[in-house]
Structure formats: C-alpha cells, structure tokens
Amino acid sequence: MNKRTLYLECNSGLSGDMFTAALLDLGADEAVLRKALASLPLDGFDIKISRVKKSGLDACDFDVVLDAAHENHDHDMAYLYGDDHAHCHMHEHHHDHDHARGDHHHHHEHRGLAEILDILSCADLTPRARELAEHIFTILGRAEAKAHGATLETVHFHEVGAVDSIVDITAAAVCLDNLGIEEVILPILYEGTGTIRCAHGVLPIPVPAVVNIAAAEHLNLHITTARGEYVTPTGAAIAAAIRTSETLPAAFTVEKIGLGAGKREQELPGFVRAMLIHPHSAADGDAQDTICKLETNIDDCTGEALGYVMERLMAAGARDVYYTPVYMKKNRPAYLLEVLCLPEDAAAMEQIIFSETTTIGIRRVKMERCVLKRRLRA
C-alpha cells in the first residue's frame, strides 16, 4: 500500500501560515486544529481561516490575529523593507523575525527552547504532532544559536518564540498529522534578495537563520531576482523537519490540490501549492519505471546451491534472476549472478544472496527502463 505522499511546490517561498493554509485547503480538520490551538497555554491571539484571491486563484488563508499587546509589523511593507519599498508589491511570509514588535518588546516573547517545549507539553496534541512541533523548534533553535553565537540551551527566540510563531508551528504539525501524511517531497525553496528589518536590525535575505537551516539540513535553495523575503525561518524549519525526499517520481497522479495564501503583497505570486499525489510504480504498468540490478561474482558455490538461490530470489519477488559464466583471476571458472528487482525489494534480495551464497560483496545499480504494457488473454 502506498504511503500518503505530499508534494510541496514552493515557487513563492514558504512560511508557517502559508503551509498551514495549504493543508487546511487539502482537507485538514479545522475543528481538530482549533481544539489543539485552544489548548496552548498562551493568550493574546485568535485564528481566522478564510478564502482569498492570489493571482486570481482561490486560496485558503490562515491568519493568527494578535491583540494590541502582541501585535507586530509582520506585514508592514514600509517597516520591513524601508519607505522606498513601500510602493513595491511585496509578497507574504509571516515573518518569524518578530519584525520587531515595534518598540514594544515583551519579556514573555523572548522564550528559550525549554520554555517553548514546556508550552507544547501542556497542549492537547497527538504524540506525532507534538514530536513534529518539537523537532521544528529544535531545528530553529540550532539555526538561531549559530547565527547569534549562542547554544541550543541559551538561545532565546526573540521572534520565533513569539505567540504567532508558536501558533503557526503547532498548527503546521497538527494539520500534517491530521492528514496522515507520511512522505513529503520538497525539491526546492525559492527565495528573494535584498534586506529586511527585524528585531536585531537590518538583515540580508536569505536571513541568517534560513541560510543556517539550509546548510545544516541540506535544503535546496533557488535565489530569484525578486526583492523581498519569501522563505521565513519557520518555513525553512518546517521544510527541513517534514521533507523525506527532494525528487518527484517519474510519473504520478494528483488526488487533491491545496493553495495556501501569503499575507504580504510582493513580486512573486504569494502562495504555496500542496498536492496529495500517488506515485506510480512498476506494478502499475507504467511505460517507464526504475529497476534495480544486483550482481556478484561467485566462484565457489555448487550448481545445486545456485539453483536454490534462484528459486528463493524469484519467490521473494525478483523480476528476473540469471547466471553468466565468467573467468575470474587465474582463469578460474565462475558465475556472475544478476538479479533484477524493484528498488524497494533490493535489501531483501541482498539478504538472501548473502545468506545462501559464499559472496562477501554485492554491487547495486538503479536503472531506468522502458517496458511495454502487457495483459493476459485466454
């Protein structure tokens, strides 16, 4: 049975609220999300879920609405980019940098990782959702600590420790868990250029936390010519925590599409597109697929033993098994054993070869192949 697979297309970057909105659009249960967020031991926020237009397309919008004491300049273009950029149509991204909560910093917004983990431990979350939220914050913590010369234990989240970021990350974890997604394909994150203002001052884009996450977690970045910040630290941390692959299958069908809207109006469209997909495999009868070939040289096994190995490999699902006579060192007669199998079956095939033959090494190579579609007729 195929695992539930999500393909995340981040051609306008990624942020926490965009990601959550896309998953809500895919069908994540709003009631489950509201119940989880209401259980957080935090005050000063409400959430609003609505429909908006982005590039003329209907998209879901997830908004963490803060009260006056917690409000920030997150979507204030003149503040974020300077007055000379105020006229530019800059795009979203709930900016995790606290953009700077103006001049009204609150001590409870500068939390450490231990305090945030305590908040998550008090919330009514499934074990998987809590573990994912903790993982996202840990990735963020390492990146912020590296940027500011601190340690994971001493770093304080001036921005991502704020109420809206805690809510965004919790919401992202709850929705992913609620949809039962097991595999996430995320090939690349598109980012802009320039500078942006935050609690610490003016920072280059991509901001240091995003660059640190990309380096530590091997995320693929593509820097566009668009001015502005498109990937937030929260977005990068979510991407790093959930990604299981960066490569799309050669062919797949799309079950459902979700669009998550950003808040800022910028040059790029301002939404993330999430798709639930069904990858095709060789069993689906595709015209093209990937096969794995295993091979090993054997010069000290009996014919009976080799025949038995072939039977075991075929019974275990090998697509084909064959022997080729070869001459090895000192002109010693031997056999080259070759096995064709699905990539996911390779490990089981290798175990059979190791246990039933005298070989001490197996070569493995993935190969693309083109096959005719077949059917049985009486």
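In the block above lies the structure referred to throughout.
Predicted model, so just to flag it, every value in this text is computed and none were measured.

A. Representation of the packing of helix α2 (residues 30-38) against helix α6 (residues 163-178). It is at 10 Å that the axes of α2 and α6 come closest, and there the two elements cross at 140°. One way to sum up the angle between α2 and α6 is to call them oblique. In this structure, α2 meets α6 at a crossing whose hand is right-handed. Of the residues in α6, those touching α2 at V32, L33, A36 and L37 are V167, T170, A171, V174, C175 and N178.

B. Molecular detail of the packing of aromatic side chains. Counted according to the given criterion, the structure contains 1 aromatic pair. With 6.3 Å between their ring centres and 80° between their planes, Y323 and Y335 make a pair best called edge-to-face. Pair noted here: Y323 is in strand β14 (residues 320-328) and Y335 is in strand β15 (residues 332-341), with a separation of 12 residues, a long-range link.

C. Just the nonpolar core, in detail. Membership of the largest hydrophobic core comes to 72 residues, with the highest contact counts inside it found for L6, L8, F19, L23, F62, L176 and I213. Here this core gets 10 residues from one element, more than from any other, and that element is α6. In terms of nonpolar packing, the next biggest core, distinct from the first, is built from 17 residues, L294, I298, C341 and I362 among them.

D. Layout of the pairing of strand β8 (residues 195-198). Of the two faces of β8, the one holding I196 and C198 is buried and the one holding T195 and R197 is not buried anywhere. The pairing of β8 with strand β9 (residues 201-204) spans 4 bridges and is antiparallel. In the strand pairing of β9, T195 is matched with P204.

E. Region of interest: the pattern of salt bridges. Taken as a whole and assessed by the stated rule, the structure comprises 17 salt bridges. Close ionic contact of R273 with E9 constitutes a salt bridge, the shortest N to O distance being 2.9 Å. Residue R273 is found in strand β12 (residues 271-279), and its partner E9 is found in strand β1 (residues 5-9); the two are separated by 264 residues along the sequence. Assessed through its relative accessible area of 31%, R273 is described here as partly exposed. Using a relative accessible area of 16% as the deciding quantity, one classes E9 as buried. Each of K293, E295, E338 and R363 takes part in one network of salt bridges that share partners.

Criteria and thresholds
Residues numbered from 1 in each chain as written. Predicted model: local features only at pLDDT ≥ 70, side-chain atom pairs only at ≥ 80, totals over all residues. Heavy atoms only, no water. Axes fitted to C-alpha atoms, helices over the stretch in contact; angles between N-to-C directions. Helix = DSSP H or I, 4+ residues; strand = E, 2+ residues; numbered from the N terminus. Parallel < 35°, antiparallel > 145°, perpendicular 65-115°, else oblique. Left-handed = near helix turned anticlockwise from the far one by under 90°. Contact = heavy atoms within 4.5 Å. Phe/Tyr/Trp six-rings, centres within 6.5 Å; stacked < 30°, edge-to-face > 60°. Core = buried A, V, L, I, M, F, W, Y, C linked by side-chain atoms within 4.5 Å. Buried < 20%, exposed > 50% of the residue type's maximum accessible area, 1.4 Å probe, protein only. Pairing = 2+ DSSP bridges. Salt bridge = Lys/Arg side-chain N within 4 Å of Asp/Glu carboxyl O.

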